[in-house]
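# Examination of the molecular architecture
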Protein chains: 2
Amino acid sequence: MNLPALIQKKRDGSALTKEEIRYIIEGYTAGHIPDYQVAALLMAIYFRGMDMEEILSLTRAMLESGATIDLSDIPGPKVDKHSTGGVGDKTSLVLGPLVAAAGVKVAKLSGRGLGYSGGTIDKLESFKGFSVEMSRQQFVEQVKNIGIALSGQSKELVPADKKLYALRDVTATVDSLPLIASSIMSKKLASGAEAIVLDVKTGSGSFNGSLERAIKLANLLVSIGESMGRRTLALVSDMEQPLGHAVGNALEVQEAIACLRGKGPADLSTLCLELGTHMLTLSGAVPGREVARQKIQQVWQSGQALEVFRQLVAAQGGDPRPIDEPALFPQASIQREFRSPKTGWISRISAREIGLAALELGAGRKVKGEPIDLSAGIFLPHKVGAQVKKGQVLARLHSNRAQAFGPASELIAAAFEIGSQQPEPRPIIWAEVDAAKVKKQPSSSSN
Amino acid sequence: MNLPALIQKKRDGSALTKEEIRYIIEGYTAGHIPDYQVAALLMAIYFRGMDMEEILSLTRAMLESGATIDLSDIPGPKVDKHSTGGVGDKTSLVLGPLVAAAGVKVAKLSGRGLGYSGGTIDKLESFKGFSVEMSRQQFVEQVKNIGIALSGQSKELVPADKKLYALRDVTATVDSLPLIASSIMSKKLASGAEAIVLDVKTGSGSFNGSLERAIKLANLLVSIGESMGRRTLALVSDMEQPLGHAVGNALEVQEAIACLRGKGPADLSTLCLELGTHMLTLSGAVPGREVARQKIQQVWQSGQALEVFRQLVAAQGGDPRPIDEPALFPQASIQREFRSPKTGWISRISAREIGLAALELGAGRKVKGEPIDLSAGIFLPHKVGAQVKKGQVLARLHSNRAQAFGPASELIAAAFEIGSQQPEPRPIIWAEVDAAKVKKQPSSSSN
């Protein structure tokens, strides 16, 4: 096949065939097709979009570019969950134990974070000794024994995505729905679960921006999953303000533990209950959504979920004592407070600026491979809608870098808006997209 | 500067600044900026276009990426001419001698052809011994002595364009008016003439396709030239059918000689008279267009122009005898005829298919550096509008490749349409764009 002709075909608005897409992805992964031709093609896809058939072909070609995980030696239904990411998003830490305690196996592969704060693995490393290095045998045994295991992402899964993502990152082509959707779903499909629940974020702290765009993405993700034979459901949830009160690795783990104890913030608890209910329902382990919800609530209130969390930490070599003695978590050497400049109602806490402030304080990575400061972060005692007085604490900043507080405080000042009227409350869940819904949707996508 | 941010800026529809464009062109020429980022940027430019200020900045940055030619040691006005290319386009062979004989110096740098048939240099190599290898000193001396010299293109001129064009060629980004216009004009500006006449082709044998698009390109070219301090004018001329009757190197030289003898085809003669008149007028050597036209006609009819052509061939080492003994030109070993399948009027001769047929016969290059068969080509005795009988010869094919006649004949069959009614005549010149006209035009361009 002739690459310039394929680029031109997409440039001029025609759909690429399954064979053409496979040829490009295979050739690029193998190194026969150069970066510059793929870069031009990616920009053409940015402008022209892809129809559903192209998106499926792309997802399948990426999936088949590497190894896939076979979970069939783990008995019972397996369910996976993915969040498009945001600020203060510690749902996986709560959900994994909830769903495992409710009897559905969670065999999870997780990556490290890039951006505002760490990923799930980074967060769990707040427990001294916690490790995701384990053999395939150990992984399966642990899932069988305690219902949950968390392993690092294999380099053999979806190599095409790794190469494509690196190229998109430096060519301003990250921000394309067909490319985002195929990237997410090829990795989820490679991970082997039969059911997939997706948490698509919308708002300032997400990459999706508008609600309309997030719903579009949710539709695409569910369409891909269902077309590839996985039961798939997506919630579109709010990321205009950070989730919960805590942002930063050890701080988020503490909030997750509080949540498992039934003392979590309302937004986090609601989102976990909903996601957990869907995970249980979709797995097929329970007869319906109401039973699933009751089951989740029961293991939550009984403390069984917290017990699974404790077992998970211990099974993977972590010292679980901080669960009961939070002072043992990594502590930042400096804490400072950011106070309200005036009296009024909090009308906005921009997750984006809070995330950038956390990054300044050391909670995240600016470039891949950077070490992370597990103790760094921000605690926000009040959420949007709260009434505050001038001088009241709006944020507690934790860091080991004295010079970071200046820039972080500026970002936090920019994140907050204090109004003279109580704002309308924002829902935590904006939309739910399931198989029945996507069947009624149009099937192509530009940006 | 941050390349992904610059790509994104253009992707999102904003104009790049002069400094940003210079940074990109300098960095790319020097090899600091990788192909893949420029490829993504080119595709974004394809979709978003560029405004006039961006196009000027791009042209200037490309021009300044290498050396420029200084013609100031050649006394008198110097004028240059550029054609966007087509099938059977031998105007340069006629125009150079016409203008030089009329007293305006023609110091021309020419490239080799890629595509349908050879470039001006290739064509002149139909004269045994003809060479464009000469020192700077020899070049200037020859222009002084006989009014015209033809040199090969220096590698030091506009290196940015060479690199960019090679990348555009393999990333489906050739076909963008701002990129085409800046590429053409950066090379013309580097070549040193004070006045530039452009022949922008429209129709099936041109890359511009529609008349509207050709006029857009003509406007851009003239705007750039005038903004950079050169007197510039463009004609939009017809390339729906091949120009004249002959396609292929030695065949075209013979037609050019016939034309210089006053026995050329009407379309070629008209176009050369018009272009020559504009070249003379724009050079400032004559007081106005009517005087210029009379001067051109006078040197044409008197045989002075043919004499300059003869001198040019001899001065550059060529054996001029074939001018009077055409049998000495390279001759193809096989000639075949293509006959009309029916009686009627020729309503179409697609220049594109004729060009591709000539390429099959060996008259052009499919890839850079390929040798060319100077004897190969096609002679078309009748033009659009002629009445022909079934079995009458429509084309004479010349080649040394027996196996080429099959595919070439198929292309020729596809090129011809024979109708039952006499078609409307097409003009040879569709539009004229000068400095006064572009001042009234909108100043931005997409594709």
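Residue numbers restart at each chain and count upward from 1, following the sequence in its written direction. Lettering of chains starts at A and numbering of ligands starts at 1, both following the order in which they are written. With pLDDT at 70 or above as the cut-off, local features in this predicted model cover only qualifying residues; side-chain atom pairs require 80 or more to be listed or tallied, and sums for whole chains, interfaces and linings still use all residues. Calculated side-chain values reflect all of the structure's heavy atoms, with hydrogen atoms and water omitted.

### Concerning the overall build of chain A
Within chain A one finds 17 helices and 15 strands. C-alpha atoms define the radius of gyration, and 2.2 Å times the number of residues to the power 0.38 defines the globule rule. The C-alpha atoms of chain A give 22 Å as radius of gyration, which agrees with the globular expectation for 447 residues (22 Å, within 12%). Expressed as lengths along the three principal axes of its C-alpha atoms, the size of chain A is roughly 65 × 45 × 40 Å. Three exposure classes are used, based on accessible area relative to the maximum for each residue type with a 1.4 Å probe and protein chains only: buried under 20%, partly exposed in between, and exposed over 50%. For chain A, with 447 residues in total, the buried portion stands at 58%. Considering only residue pairs separated by 6 or more positions, chain A has 79% of its internal contacts joining residues 24 or more positions apart. Element-wise, carbon and sulfur atoms account for 50% of the exposed surface of chain A, whose accessible area totals about 17400 Å². Put simply, DSSP marks the helices as runs of H or I at least four residues long and the strands as runs of E at least two long, and each gets a number from the N terminus on. By definition in these notes, contact holds between two residues if any of their heavy atoms fall within 4.5 Å. Calculation of accessible area relied on Shrake-Rupley with a 1.4 Å probe; when residues are assessed, cover is drawn exclusively from the protein chains displayed.

### Quick look at the packing of helix H3 (residues 35–48) of chain B against helix H8 (residues 159–170) of chain B
All names here are of chain B. Where H3 contacts H8, the two axes come as close as 10 Å, and the packing angle between them is 70 degrees. Our classification of the angle between H3 and H8 gives roughly perpendicular. In terms of crossing hand, the pair formed by H3 and H8 is right-handed. Along the contact surface, H3 presents Asp35, Val38, Ala39 and Leu42, while H8 presents Leu164, Leu167 and Arg168. Considering only residue class, the contact of H3 with H8 consists of 5 nonpolar, no polar and 2 charged. The axes are straight lines fitted to the C-alpha atoms, using for helices just the contacting stretch, and the angles between their N-to-C directions are given from 0 to 180°. The cut-offs work like this: below 35 degrees is roughly parallel, past 145 is roughly antiparallel, 65 to 115 is roughly perpendicular, and the gaps in between are oblique. Two helices cross in a left-handed way if the nearer one is turned anticlockwise from the farther one by less than a right angle. They cross in a right-handed way if the turn is clockwise. Three residue categories are used. Nonpolar comprises Ala, Val, Leu, Ile, Met, Phe, Trp, Tyr, Cys and Pro, charged comprises Asp, Glu, Lys and Arg, and polar comprises the others, including Gly.

### Regarding the pattern of salt bridges
Residues and elements named next belong to chain B. Should a side-chain nitrogen of Lys or Arg be within 4 Å of a carboxyl oxygen of Asp or Glu, the pair is scored as a salt bridge. Scanning the entire structure with this criterion turns up 58 salt bridges over all chains. Residue Glu255 pairs with Lys90 through a salt bridge whose shortest N-O separation is 2.5 Å. Of this pair, Glu255 sits in helix H11 (residues 249–260) while Lys90 is found in the loop between strand S2 (79–83) and helix H5 (91–101), placing the two residues 165 residues apart along the sequence. For the residue pair Glu255 and Lys90, the accessibility class agrees, reading buried in each case.

### A few points about the sheet that holds strand S2 (residues 79–83) of chain A
Residues and elements named next belong to chain A. In short, DSSP must find at least two bridges between two strands for them to pair. Ordered by their spatial adjacency, 4 strands build an open sheet running S2-S5-S6-S14, and the pairing between neighbours is mixed. On the outer flanks of this sheet lie S2 and strand S14 (429–433), each paired with one strand and no other. Between one strand and the next, the sheet's axes are offset by a mean angle of 15 degrees, whatever the strand orientation. As defined by bridge partners, strand S5 (residues 195–202) adjoins strand S6 (residues 231–238) across 8 bridges and the pair is classed as parallel. Pairing of Val200 across the sheet is with Val236, part of S6. On the sheet, helix H12 (residues 266–283) packs against S2, S5, S6 and S14 and is oriented at approximately 155 degrees with respect to S5.

### Quick word on the packing of aromatic side chains
Between 30 and 60 degrees the pair is tilted, below 30 it is stacked and above 60 it is edge-to-face, where a pair is any two Phe, Tyr or Trp rings, Trp via its six-membered ring, whose centres lie within 6.5 Å. Within this structure, the stated rule accounts for 9 aromatic pairs over all chains. Arranged with centres 5.2 Å apart and planes meeting at 80 degrees, the rings of Tyr46(B) and Phe47(B) form a pair that is edge-to-face. One aromatic cluster is present, formed by Tyr46(A), Phe47(A), Tyr46(B) and Phe47(B) through successive ring pairs. The cationic tip of Lys163(A) hangs over the ring face of Tyr28(A); the distance from NZ or CZ to the ring centre is 4.5 Å. The side chain of Arg336(A) reaches across the aromatic face of Phe405(A), ending 4.6 Å from its centre. Our definition puts a charge over a ring when NZ of Lys or CZ of Arg is within 6 Å of the ring centre and also within 35 degrees of the ring normal.

### Some remarks on the relation of the copies chain A and chain B
Expressed as a screw transformation, the operator carrying chain A onto chain B has a rotation angle of 179 degrees and an axial translation of 0.2 Å, and the superposed copies differ by an RMSD of 0.1 Å. Both chain copies can therefore be described as sitting about a two-fold axis. Minimal C-alpha distance to the rotation axis in chain A is attained by Tyr36(A), lying at 1.9 Å. Counting the interface residues of chain A, we find that 100% of their copies in chain B are interface residues as well, pointing to one common contact surface. Superposing the copies works by least squares over the C-alpha atoms of residues that have pLDDT at least 70 in both of them.

### A look at the packing of helix H3 (residues 35–48) of chain A against H3(B)
Interaxial distance between H3(A) and H3(B) falls to 7 Å at its minimum, and their mutual angle equals 30 degrees. Comparing their axes, H3(B) and H3(A) come out roughly parallel. Regarding H3(A) and H3(B), the two cross each other, and that crossing is right-handed. For the pair H3(A) and H3(B), contact is made by Asp35(A), Tyr36(A), Ala39(A), Ala40(A), Met43(A), Ala44(A), Phe47(A) and Arg48(A) and by Asp35(B), Tyr36(B), Ala39(B), Ala40(B), Met43(B), Ala44(B), Phe47(B) and Arg48(B), respectively. Residue composition of the contact of H3(A) with H3(B), by class: 12 nonpolar, no polar and 4 charged.

### A short note on the confidence of the model for chain A
On average, chain A scores 93 in pLDDT, and the residues at 70 or more come to 97%. Prediction confidence for the complex, expressed as pTM and ipTM, is 0.89 and 0.88 respectively. A residue's pLDDT is the confidence the predictor assigns to it, expressed on a 0 to 100 scale.

### Side note on the interface of chain A and chain B
Contacts between the two partners involve 22 residues from chain A and, on the opposite side, 22 residues from chain B. Summing both partners gives a buried area of about 1700 Å² for chain A against chain B, and 72% of it is carried by carbon and sulfur. On the chain A side of the interface with chain B, the three residues burying the most area are Arg11(A), Tyr36(A) and Phe47(A), jointly 37% of the side's total. If you look at where chain A meets chain B, you find 2 salt bridges. A salt bridge links Asp175(B) to Arg11(A), with the shortest nitrogen-to-oxygen separation between them at 3.8 Å. Elements with a minimum of two residues in the side of chain A that touches chain B: helix H1 (3–11), H3 and helix H8 (159–170) of chain A. With 10 residues, the single largest contributor to the side of chain A that touches chain B is H3(A). Looking at the side of chain A that touches chain B, its residues break down into 12 nonpolar, 4 polar and 6 charged. For any pair of parts, buried area is found by adding up, for both, the accessible area (1.4 Å probe) each one loses once the two are put together.

### Some details on the environment of Thr232(A)
All names here are of chain A. Tracing the backbone shows Thr232 in strand S6. With a relative accessible area of 1%, Thr232 lands in the buried category. The residues touching Thr232, leaving out its near neighbours within four places in the chain, are Met185, Ile196, Leu198, Leu221, Val222, Gly225, Glu226, Leu282, Asp434 and Ala435. Within the structure, the side chain of Thr232 is placed 3.0 Å from the backbone oxygen of Arg230, a separation counted as a polar contact. Here a polar contact means two N or O atoms within 3.5 Å. Within protein one must be a hydrogen donor candidate and the other an acceptor candidate, and residues neighboring in sequence count only if both atoms are side-chain atoms.

### A look at the environment of Phe127(B)
All names here are of chain B. Take Phe127: it is sitting in the loop between helix H6 (120–124) and helix H7 (136–146). Classification of Phe127 as buried rests on a relative accessible area of 0%. A C-alpha to C-alpha distance of 22 Å links Phe127 and Gly85, two positions 42 residues apart in sequence. If we skip the residues at most four places from it in the chain, Phe127 touches Val253, Ile257, Phe309, Val313, Gly318, Asp319, Pro320, Pro322, Ile323 and Phe329.

### A look at the sheet that holds strand S9 (residues 344–349) of chain B
An order of S11-S9-S13 (chain B) is seen for the 3 strands of this open sheet, with the pairing classed as antiparallel. Where the open sheet ends on each side, the last strands, each with one partner, are strand S11 (387–388) and strand S13 (416–419) of chain B.

### Things to note about unusual backbone geometry
Residue and element names in this part refer to chain B. A positive phi angle is found at Val158, which is not glycine, with a value near 45 degrees. Inspection of the secondary structure puts Val158 in the loop between strand S4 (148–152) and H8. Backbone geometry places Ala172, a non-glycine residue, at a positive phi of 55 degrees. Secondary-structure assignment places Ala172 in the loop between H8 and helix H9 (177–190).

### Thoughts on helix H5 (residues 91–101) of chain A
Residues and elements named next belong to chain A. Summarising burial for H5: 11 of the 11 residues are buried, a large majority. All buried positions along H5 are accounted for by Thr91, Ser92, Leu93, Val94, Leu95, Gly96, Pro97, Leu98, Val99, Ala100 and Ala101. Immediately beyond the C-terminal end of H5, within one or two residues, lies Gly103, with a positive phi of roughly 105 degrees.

### Details of the nonpolar core
Take the buried Ala, Val, Leu, Ile, Met, Phe, Trp, Tyr and Cys residues and link them wherever side-chain atoms come within 4.5 Å; each set so joined is a nonpolar core. In this structure, Ile224(A) and Ile224(B) are the most contacted members of the largest nonpolar core, which totals 116 residues. Discounting residues that sit within four places of it in the chain, Ile224(A) has contacts with Met52(A), Ile55(A), Leu56(A), Thr59(A), Ala181(A), Ser182(A), Met185(A) and Leu189(A). Counting 80 residues, the second-largest nonpolar core is a separate cluster that includes Ala101(A), Phe127(A), Leu271(A) and Leu312(A).

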